[in-house]
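Working through the structure, step by step
The residues making up each chain are set out below.
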Amino acid sequence: MSVELLPAEEIYTRERVTTPTLLMCRPLQYEVNYVINPWMSGNLGSSSRVRATEQWNRLRDILSQLAPLVLIDPVPGWPDMVFTANAGLAHEGTVALSSFSHVERQGEEQYFREFFSAAGYRIVDLPRDRPFEGEGDALFSSDGTRLWVGFGRRTAQASHSVLADLWDIEVEGLHLVDDRFYHLDTCFAPLEDGSLLYYPAAFDAASLRKIHEFYSPGQCIAVDEMDALQFACNAVNIGRTIVLHHVSDNLEAELRARGFDVIQTDLSEFLKAGGAAKCLVMKLTPELHPLPEENNRAQELIALEDEFGAHNYHPLDVVIERAEGAWVTDVEGKRYLDFLSAYSAVNQGHCHPAIFRALVEQAQKVTLTSRAFRNDQLPLLLRDLHELTGYGMALLMNSGTEAVETALKAARKWGETVKGVPTGQSEIVVCTNNFHGRSISIVGFSTEAQYRYGFGPFPAGFRHVPFGDAEALRASITPNTCAFLVEPIQGEAGVIVPPDGYLRDVERICRENNVLLIVDEIQSGLGRTGKLFAYMHEGIHPDVVIAGKALSGGFYPVSAVLSSPSVLGVFGPGDHGSTFGGNPLACAVARAALKVIVDERLPERSAELGRHALARVRSMSSKHVVAVRGKGLWLAIELNSPARAFCERLRDRGVLAKETHDTVMRIAPPLMIAAEDLDWGLDQLEQVLCTV
């Protein structure tokens, strides 16, 4: 009997193809502390539960994008419960419960029994003298007409007749002859397009004849020993996606040629116990596991926001409920790697524990005094800013926009009271394609039409020059010019990096003309580009530095204008202020946020990881990419088509990024991101850019 390969479009539109619900178990008890297969013998005591958890979390994140997940709680003393493929075999509401051949796993049976009973399955027990190890040794063909069951290592051939009677299905036994491939799912994977991924050397000659009678040569994908030992056949196949541990380029290319999206994820800790992707999941009967109500919660929350909130943003439809480090979790429990960092506000990572402690400790004392009275935290933050940056004076505000407005006011008053510009005649030079905030005055000197439309009239006194053109700045300066406001790298414009030497030339021109150089480091500062501030790449010393976003690590709006007494000293009591600016809670949070940046060497980490990320993205061969640029962990990918669709596809693969200016995708993960997480995220990016 042979089954011809069906066209992919027919395979994936048939009603019989139902997305399964997957059973998983967290590896909270996982370790290799006994030997029941050859993989364990060389790894006894060498497993890392921390690394296993990280790898399992990534696998769960990937699979959660493909199918509903159900978790069973791990039980102390039973480290292999994480390999849920061996819990049993579920089909049409009935589960054949596993009867383990090794005593080391037999204690798991009662906990799996309790789970299936609570879910409403009809439970069938196999006799102890007929060992059966569940879906790890029993796999349905893609058309559902045959159940392939392994024997010779764990599952007994005598169990096959019980399974055949149970579901009135043809059961075909396959004799496993290699101890390394002790379960059928380690060397045999029926795929949903009707093909088979398998390692021929794991079977005896009679079994191979059975396989080749059922599958035509065009349906057989034989893997070599190298891929087999990486557990290439231990793959989870949902629709057009195959999830597995690392495989060779040749095998990946063959799978992709057949129309599959191949996702590789590191599962090396589980290989130490003889398992990989498929071992860690079991397919359940979907009807017995209805989607939890939380799955509707995201749409309900989106609808509420759309109904009652102004539509001044166009976010991706991910509703985030909690976050930690470089990862965020939505209301449905799906985890995503954050490649945006709240526009660089969480350089330190989400919910950094040290900043959180500072927030809680200060919130239990006093949060707000206004500037009508002094508080004990503001002087300490001012000292910390001075010691870290060298600037002699600072003025604290809340949002970045407020800090920019503060700098503009300081520059104009300095122009009149120090430089001698006639009253009301001060001019400030800005760059085209700038982004400094969204107040009336700031959008007034924007060159982005949308930012300006409908908001005029605007304050006068601003002149534009092209970004990156120092000589244009020189030509624009008049006796009334008091300041030049510039982003060292234009973020919102698409991470536009100016030519080398630009800022040095700008500094020299400003000095020659007695013009204040104001750098907006709200996004580029505090480690994002591989230096504490981006201007430091050129060894200059601006007159005014504007900081924000990561100044609080994402816990609280805090911004600051840093300068000298000769500039900020122009303010007198009543000239400028903010009820919340410099409040004790903000200052305590900012002090902790700065300490994290220094103690964890985040600028240096950004420089190192940024070089790696930039090289990787530039090496990606994609017909969609026009240009790649960046500095530190701040990258932009310019595309030849709208970037939002790529961001949405990336979201579906568990990574969050955001478009800007229609065709640019920004990449800016938290600076504390683990190197392996960064690489995993870049792997997903490469899949999106290079396979669409």
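Residues numbered from 1 in each chain as written. Predicted model: local features only at pLDDT ≥ 70, side-chain atom pairs only at ≥ 80, totals over all residues. Heavy atoms only, no water.

So, about the pattern of salt bridges. Taken as a whole and judged by the stated rule, the model has 45 salt bridges. The salt bridge partner of Asp179 is Arg153, with a shortest N-O separation of 2.7 Å. Residue Asp179 is found in the loop between β8 (170-175) and β9 (188-190), and its partner Arg153 is found in the loop between β7 (146-151) and α6 (160-167); the two are separated by 26 residues along the sequence. With relative accessibility at 44%, the residue Asp179 sits in the partly exposed group. Close ionic contact of Asp178 with Arg180 constitutes a salt bridge, the shortest N to O distance being 2.8 Å. Assessed through its relative accessible area of 26%, Arg180 is described here as partly exposed. (Salt bridge = Lys/Arg side-chain N within 4 Å of Asp/Glu carboxyl O. Helix = DSSP H or I, 4+ residues; strand = E, 2+ residues; numbered from the N terminus. Buried < 20%, exposed > 50% of the residue type's maximum accessible area, 1.4 Å probe, protein only.)

Residues of strand β4 (residues 94-97) alternate between two faces, with Thr94 and Ala96 on one and Val95 and Leu97 on the opposite face, all of them buried. Inspection of the sheet shows strand β3 (residues 88-91) paired to β4 by four bridges, in the antiparallel sense. Considered in β4, the bridge of Leu89 is made with Ala96. Counting the residues between successive antiparallel strands, the hairpin from β3 to β4 contains two residues, one of them, Glu92, with a positive phi of roughly 55°. Across four bridges, β4 lies against strand β5 (residues 122-125) in parallel orientation. Paired with Val95 across the two strands is Ile123, which belongs to β5. (Pairing = 2+ DSSP bridges.)

The subject of this paragraph is the sheet that holds strand β13 (residues 241-244). Here we have three strands laid out as an open sheet, ordered β12-β13-β14, and mixed in their pairing. Only two strands of the sheet have a single neighbouring strand rather than two, namely β12 (236-238) and β14 (261-264). Strand-to-strand twist of the sheet, defined as the mean angle between neighbouring strand axes without regard to direction, takes the value 20°. Sheet topology note: the β13/β14 ladder contains four bridges and is parallel. Among the inter-strand pairings, Ile242 is bridged to a residue of β14, identified as Val262. (Axes fitted to C-alpha atoms, helices over the stretch in contact; angles between N-to-C directions.)

Following both chains from N to C, one finds helix α13 (residues 353-363) and helix α21 (residues 584-599) inclined at 160°, their axes separated by 9 Å at the closest point. One finds that α13 runs roughly antiparallel with respect to α21. α21 is crossed by α13, and the crossing has right-handed handedness. Taken together, the residues of α21 that come into contact with α13 (itself represented by Ala354, Ile355, Ala358, Leu359, Gln362 and Ala363) are Pro584, Leu585, Ala588, Val589, Ala592, Ala593 and Val596. By residue class, the composition of the contact of α13 with α21 is twelve nonpolar, one polar and no charged. (Parallel < 35°, antiparallel > 145°, perpendicular 65-115°, else oblique. Left-handed = near helix turned anticlockwise from the far one by under 90°. Contact = heavy atoms within 4.5 Å. Nonpolar A, V, L, I, M, F, W, Y, C, P; charged D, E, K, R; others polar.)

Moving on, we come to the side chain of Ser159. The topology assignment puts Ser159 in the loop between β7 and α6. The class of Ser159 is buried, set by a relative accessible area of 0%. Within polar-contact distance, the side chain of Ser159 engages the backbone oxygen of Ala156 at 2.7 Å. Apart from the residues lying within four places of it in its own chain, the contact partners of Ser159 are Leu126, Arg130, Pro131 and Phe132. (Polar contact = N/O pair within 3.5 Å; in protein donor to acceptor, adjacent residues only side chain to side chain.)

Here we take up the packing of aromatic side chains. For any pair of aromatic rings, the description rests on two quantities: the centre-to-centre distance and the angle between the ring planes. Counted by the stated rule, this structure contains 19 aromatic pairs. Judged by centre distance (5.0 Å) and plane angle (40°), the ring pair of Tyr30 and Phe270 falls under tilted. You can see Tyr30 sitting in the loop between β1 (21-24) and α2 (38-41) and its partner Phe270 sitting in helix α10 (residues 268-271), a full 240 residues away along the chain. Its relative accessible area of 1% is what places Tyr30 among the buried residues. Aromatic side chains Phe445 and Phe462 sit 4.5 Å apart centroid to centroid with 40° between the ring planes, which places their arrangement in the tilted category. Highlighted residues: Phe445 in the loop between α16 (440-444) and α17 (449-452) and Phe462 in strand β21 (residues 462-465), separated in sequence by 17 residues. (Phe/Tyr/Trp six-rings, centres within 6.5 Å; stacked < 30°, edge-to-face > 60°.)

So, on to helix α23 (residues 644-652). Along an α-helix, residues three or four positions apart point the same way, because every turn accommodates 3.6 residues. All of the buried residues in α23 are Arg644, Phe646, Cys647, Leu650 and Arg651. Buried residues along α23 cover an arc of 160° about the axis, so they all sit on one side. One or two positions beyond α23, positive phi appears at Gly654, with a value near 95°. (Arc of directions from axis to C-beta.)

Glancing now at helix α15 (residues 400-419). Over its 20 residues, α15 extends 27 Å from the first C-alpha to the last, a length consistent with the 28 Å expected when each residue adds 1.5 Å. Those residues of α15 not exposed but buried are Gly400, Ala403, Val404, Thr406, Ala407, Leu408, Ala410, Ala411, Trp414 and Gly415. Remark: Gly420 follows α15 within two positions and exhibits a positive phi of approximately 90°. (Expected span 1.5 Å × (residues − 1).)

Counting all residues, the mean pLDDT for the protein is 93, and 96% of those residues have values of 70 or more. Note on residues 1-17: pLDDT under 50 across the span, and 34 contacts to partners over four residues away in sequence or across chains. (pLDDT = per-residue confidence, 0-100.)

On to the domain arrangement of the protein. What the domain assignment lists for the protein is domain 1 (21-284), domain 2 (299-348 + 603-690) and domain 3 (353-600). Taken over C-alpha atoms, the centre of domain 1 sits 57 Å from the centre of domain 3. (Domains from an automatic or database assignment.)

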